[in-house]
Every structure is written in structure tokens, then in C-alpha cells.
Amino acid sequence: MIFNMKVKRLTLCGLAGVLATLTLAACSGGGGETSTSETTDASSEAASRSGGVDVQIDGSSTVFPISEAMAEEYQNDSGKRVTVGVSGSGGGFKKFCAGETDISNASRPIKESEVELCAENGIEYVEIPVAFDGVSVVVNQANDWATCLKPEELAMMWEPTAEGQITNWSQIRAEFPDVELGLYGPGTDSGTYDYFTDATTGEEGESRGDYTASEDDNVIVQGVQAEDGALGFFGYAYYEENKDTLKVVEIENSAGECVAPSSEVISDGSYNPLSRPIFFYVSKSALESNPAVKEFAEYQIDSANEELITEVGYVPLPDDILTKVQERLDTAKTGSIFEGGSSVGVKLSDKL
Amino acid sequence: MTIDNPQNFGSDRPSEASNFNINLAGRYKLDRIFESLTWIAVAIALLVLATLIIDVLADGLPRLSWDFLNNFPSRKPEQAGLKSALFGTIWVMSVVAAVSFPLGVGAGIFLEEFAGDNWLTRIIEININNLAGVPSIIYGLLGLQVFVRYMEPLTGGRSILSGGFTLALLILPIIIVSTREALRAVPDSLRLAGFALGANRWQVVREHVFPLAIPGILTGTILALSRAIGDTAPLITIGALTFISFLPEGLQSPFTVLPIQVFNWVSRPQREFHDNAAAGIIVLMVVLLLMNATAVFLRNRFQKKAS
């Protein structure tokens, strides 16, 4: 019994010790914070907010690889601290419009509701396209009939009324064989899904419900590899990595030509309507008060860093658009060129 | 205990006894069938586990190296490492353990030993049991509003402290319930003996009941912490990061954890990143096993002491 008492005391002491270190650490953390905020530079406000971070980024998982590559190199060059979170385009805007982040990544333009939220909180932003992505439509390698599809034919497969009705390739075009159609696509939360449905069916975020949805594009890759009559879509990078095991479908563009996705046609706009810009949004106040944010934003659209974008599987902006984008950042032009709408059918070079 | 008067047993049903079919062979057969069924259940569980582990080891082992542990995330799969995630996990789990263990065990002891049986404790009990089944993302939303936003001056926003508190909330119900189960397994005669000798409730709990219950409590804590270490959703909700290339400097630092890093690598298109994810899973497994080994070691010590 006395023995037990000793053991008990030991555990109690241990617990007290843990708690003491906890409070100590918390105190020292607080101390560090006040010392940084003593410096009058306004950027220390951002720094004190989250333990000495210079640039805080959050948002789309599609844009994440670009931010990661840029942040990695920028940190090596400048010694500044950049952090990137992945809470999705929508989740990113929620934090951005609450003033919690400096830069928000998005695979789609800012939505009307998000524009309002930002306005309510007095957050002004500069919209910067950073690269192009080509939504790639792929089929199984055994599929030798679907070489070129029209957007209308994709719409036939994917529109809400197709649910339970369009189940066979022969229903899409009379000359297609009698093979069961299996559809694979990203989940309804994804920006790629929003863009694809908008570009094909004309209704953003509206599609049939009976397709295999996955948040992980690699699952779509595997699904299409395994089923003869399968068709799926995802970002260009996933097609590039799986070129050998999948067959890409050419898309008939507005000029009536059949085009397969490649970096050239994605950037010059002839891979329409499935070529889409991806963005980051910079808070105007962070841009003005925090030199690191401005530096990093410029770094991301510096033509010298185009290689990083290619390396992670996206298509850099062509030079004429890049110049306009750089000008936009320099003059800190706020607002969205899409006015809350989608980026389908919008020519960046005209609008910027 | 359940038979009031053993003399009456059997004597009031002589007719049944005469109808009783011994059928020993049949009963042994049933026994064997049931035994093999339970074995099949074990075998299936082990087979699934073994397949998963072998698959992960095959993909991930070649990638494991000191560099992998000591590098920060990178766009280049062969240079990418999980230093920040590993440290983040260790920091967060320390906070989770330090917060959830005393709170959970304390609440369990109060409810089981001190609180009377009234409507208030019954409501609390029902609520705790229900909370154990709430999806983890709900805790993430709660953590985002309470710890990240309302308590920002204390927690520093999207920090280790907020993440630790959120996960601690998530596993509190599990710890409370298992603490209560462990205390309930201690025979009442011990308590009564203590009271009979004039000990008060605090003395009885502290000297007799709690030491006996500690092994059971630690088992529950192991299960709870194992759940916390692998949970991603609430941390993503409160705004844990994915790319961070410096180590936490205090409890208010931003952070990432192993499951988030693994999740990110799994969803990348490049195959090399998938191997990184497998290696990350191995590291996560080792951390989990180390953590549990500590708890098992403590439990065995207490078990020896108590007996």
C-alpha cells in the first residue's frame, strides 16, 4: 500500500511536470509574440498572428503543387518563411475573406457569395492567373472508337437527365459499339468538376449522380485502367503521369478541330473549352504592408520561374498574358475579371 | 449468486432431466465448429492487415532513409521528407496526451466514484456516450470556432495548441468511458472494506480503487491516442498546413502532421510521391507503436505493483 502511494506520487509529480512545461512553453510563446509586435512594421501584425510566418497561403489542392514548388525555391533564395495549407478553393476563400491568410489559391474564379463575404469584411484582393490546366478526358486503352468527342457528346453522358438513361456507348453515337459506359470523375466539391460540368453541360456543378466520384484523382486513373468502357476526366498532370496506360480523347474545339491536350494547345487556347486558368488571390492590404507577400507574388509570376510550373505538371502562361498579369500586380488592380461568374469561354488575354 | 437456493435447483424439474439428451459427440462438434469460426474471423482480420502492411512495406521501405526523416517537404519526390510533419505530430500528440488524460480520467473518476445517481449525471452520461460517435470533422468545426477564433490570444490561432485541444476533445469521451469501465471492474467489496475501516471516499479511490483500475484506464487511453494520431479531418478544418519547412518553436507555432503529409502525397499524380506516402505510413506506424509501447510498459508496471 505504501508502495502504491509512492507510485501515485510519482505519477502526480510527472503530470504536474508536464503541465508546468506546457504553461511555461505557452508563456514563452506569448513573450516572443509581444517582442515581435514591438517592431513598428505593419508586417509584424501578420507575423504575430501565427508564430513568425512571413507569407500565409491556403486554398485549392490543384494549385498546391505550384505554391509548394515556388515556396520551396523562394525560401531558399530569401530565407523568408512561407506556409501553404490545403483547404480547397472554397475553404481557402473563407479564411482569406476573414483576413486570416495573405494569399488564397483557387482552381476557379472567386464566386459571387465569396466576393460579398470579402466585401463585408473589407478585404480587397488582386486576382492573378498563375498557370493553365487542361482538363483531360481519358478512356481505357481497349477503347478504339472514341478518338474525338464533341463537348455536346460529353454533355450527353454527364448531364443530370442522363442519369440511368445513357448507359451505353452506342447511345452517344450510332457507330459506337455496344459497350457499357462507365463514368469516373472528381467529387462534386472539386473545382475540376465545377469547370468540366460548366464547360460541357453548361450548368456549373450539375451532373448525373450515378458516376464513380473520388476526391483522389489516382482512383479515377485506376478505375479507367480497369474497365473497357470507362471514361473519366481530371487535371492534365494526372494524364501526363499515366500516358502509357490510358488513352486520351481529343476534344472538338469551337473551330471544329479535334485537339488532344498538350502544353502548347492548352496555353494558346485552342484546347477549348477544357483548358482553364488557375489562380491565386492576394490580399491588397498584405500586399501593401508586407514586402514578403509582394515579393512572393512577383516570384510566382516571374517568367524565370516558369520551369517550376512545368515541373509539377501545369502549363505556364504565355508571355503576352504574363506581362498583363505582372502589370496587374504592380498596379494592385483589385476585383475579379469574371465578376463572380465562371472562367469557361473567357479569353484571358482580352479580359486582363 | 443468481441461484437463490441451490437445493431447489433440479429437484423441481425432474421431467426435464429425464428428457435430457446427452449427445456428447454433437456438443463437442458444435464446440469445434464455433472454435474454427472464431479462428476464421481472426485469420481474415490478420490477412487483411498483413496484406496492407506488406504492400506498404514493399513500396515504402526502399524510400526510408535518414534524409527522408530529416528533409522538409519538396516538389521533388526524391528530396522530399517529413521532418516538419514528424515534429508536428510529436508536438500535437504531447498536447493531446497532457490535456486529455488528466481531464478524461478526472471526469471518469468523478462520474463513477463521486457523483450520485441523479438526472444531471444521467444526462451527462448519455451525452458522453453520444459524443463518442460524433464524426471527427464536427470537432474540427468546433475547434475552428472556439480554439482558433475565440481563443486566439491564448492559442495563437491555427497553432499546435488549437490542434491539440481539438484532438483532445475528440478522444475525451473514449477516455472517460474506458475510465468508468475500468473503475466499475474493481470489486465493490474493496470500497466497502475501505469505508468500514473509516477511510473517506478520496482515500478509498486514491489508495485502493484507482491503482487497480490504472491498467484498464491506460488501455483505453492507448486506443484513444491511436485514434487521435491518425485523424486528419479535424486538423485540416482548423487549418493545419500542408507545406511548412521549419520546425515548431512553441505551442503557438503553425504545424502539419504525418497523416496530412501522407494524404497530400497519396493524391499527387507522380508515382514517386506515392512511394513517399508509403514510407510516411511506415513512420506513422512506428511512432504509433512507440507511443503504445510506452503506455503498455506503464500498464505492465502498474499491473505488477497492484497484484
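Keep in mind it's a predicted model, so treat the numbers as computed, not measured.

**Some words on the sheet that holds strand 3 (residues 103–106) of chain A**
All names here are of chain A.
And then number 1: With respect to topology, six strands assemble into an open sheet ordered 2-1-3-13-4-14, the strand pairing being mixed. Edge positions in the sheet fall to strand 2 (82–84) and strand 14 (315–316), since each of these pairs with one other strand and no more.
And then number 2: Contacts between helix 3 (residues 64–78) and the sheet are confined to strand 1 (55–59), strand 2, strand 3, strand 4 (125–134) and strand 13 (275–283), with strand 2 contributing the most and set at about 165° to the helix.

**A word on the state of the cysteines**
In a disulfide, the sulfur atoms of two cysteines are held together by a covalent bond.
Residues and elements named next belong to chain A.
And then number 1: Inspection of every chain in the model, using the stated rule, returns two disulfides over all chains.
And then number 2: A sulfur-sulfur separation of 2.0 Å characterises the disulfide bridge that pairs Cys-148 with Cys-258. Residues Cys-148 and Cys-258 are joined by a disulfide whose S-S torsion is about -90°; by sign, that bridge is left-handed. On the criterion of sequence distance, the pair formed by Cys-148 in strand 6 (residues 148–149) and Cys-258 in strand 12 (residues 258–259) is long-range, its members being 110 residues apart.
And then number 3: Overall, the relative accessible area of 10% leaves Cys-148 in the buried class.
And then number 4: The class for Cys-258 is partly exposed, based on a relative accessible area of 39%.
And then number 5: The cystine pairing of chain A, numbering bonded cysteines in sequence order, is 1-2, 3-4.

**Details of the sheet that holds strand 11 (residues 250–252) of chain A**
Residue and element names in this part refer to chain A.
And then number 1: Read from one edge to the other, the open sheet built from three strands follows the order 6-11-12, with strand pairing classed as mixed. Lying at the two open borders of the sheet, with one neighbouring strand each, are strand 6 and strand 12.
And then number 2: Here two bridges tie strand 6 to strand 11, and the two strands are oriented parallel to one another. Counterpart to Leu-149 in the pairing with strand 11 is Ile-251.

**Focus on the confidence of the model for chain A**
Residue and element names in this part refer to chain A.
And then number 1: Here chain A averages 83 in pLDDT, and 86% of its residues register 70 or above.
And then number 2: Ranking the elements of chain A by mean pLDDT puts helix 1 (residues 2–38) last with 39 and strand 5 (residues 136–139) first with 95.
And then number 3: Across residues 1–49, confidence stays below pLDDT 50; counting only partners more than four residues off in sequence or on other chains, it has 46 contacts.

**Digging into the pairing of strand 13 of chain A**
Residue and element names in this part refer to chain A.
And then number 1: Most of strand 13 sits inside the fold, with nine of its nine residues counted as buried.
And then number 2: Burial along strand 13 is two-sided: Ser-275, Pro-277, Phe-279, Tyr-281 and Ser-283 and Arg-276, Ile-278, Phe-280 and Val-282, pointing in opposite directions, are all buried.
And then number 3: Here strand 3 runs beside strand 13; their pairing, made up of four bridges, is antiparallel. Residue Ser-104 lies in a different strand from strand 13, and its bridge partner there is Tyr-281.

About the criteria used
Residues numbered from 1 in each chain as written. Chains lettered and ligands numbered in written order. Predicted model: local features only at pLDDT ≥ 70, side-chain atom pairs only at ≥ 80, totals over all residues. Heavy atoms only, no water. Pairing = 2+ DSSP bridges. Helix = DSSP H or I, 4+ residues; strand = E, 2+ residues; numbered from the N terminus. Contact = heavy atoms within 4.5 Å. Axes fitted to C-alpha atoms, helices over the stretch in contact; angles between N-to-C directions. Disulfide = S-S within 2.5 Å. Buried < 20%, exposed > 50% of the residue type's maximum accessible area, 1.4 Å probe, protein only. pLDDT = per-residue confidence, 0-100.

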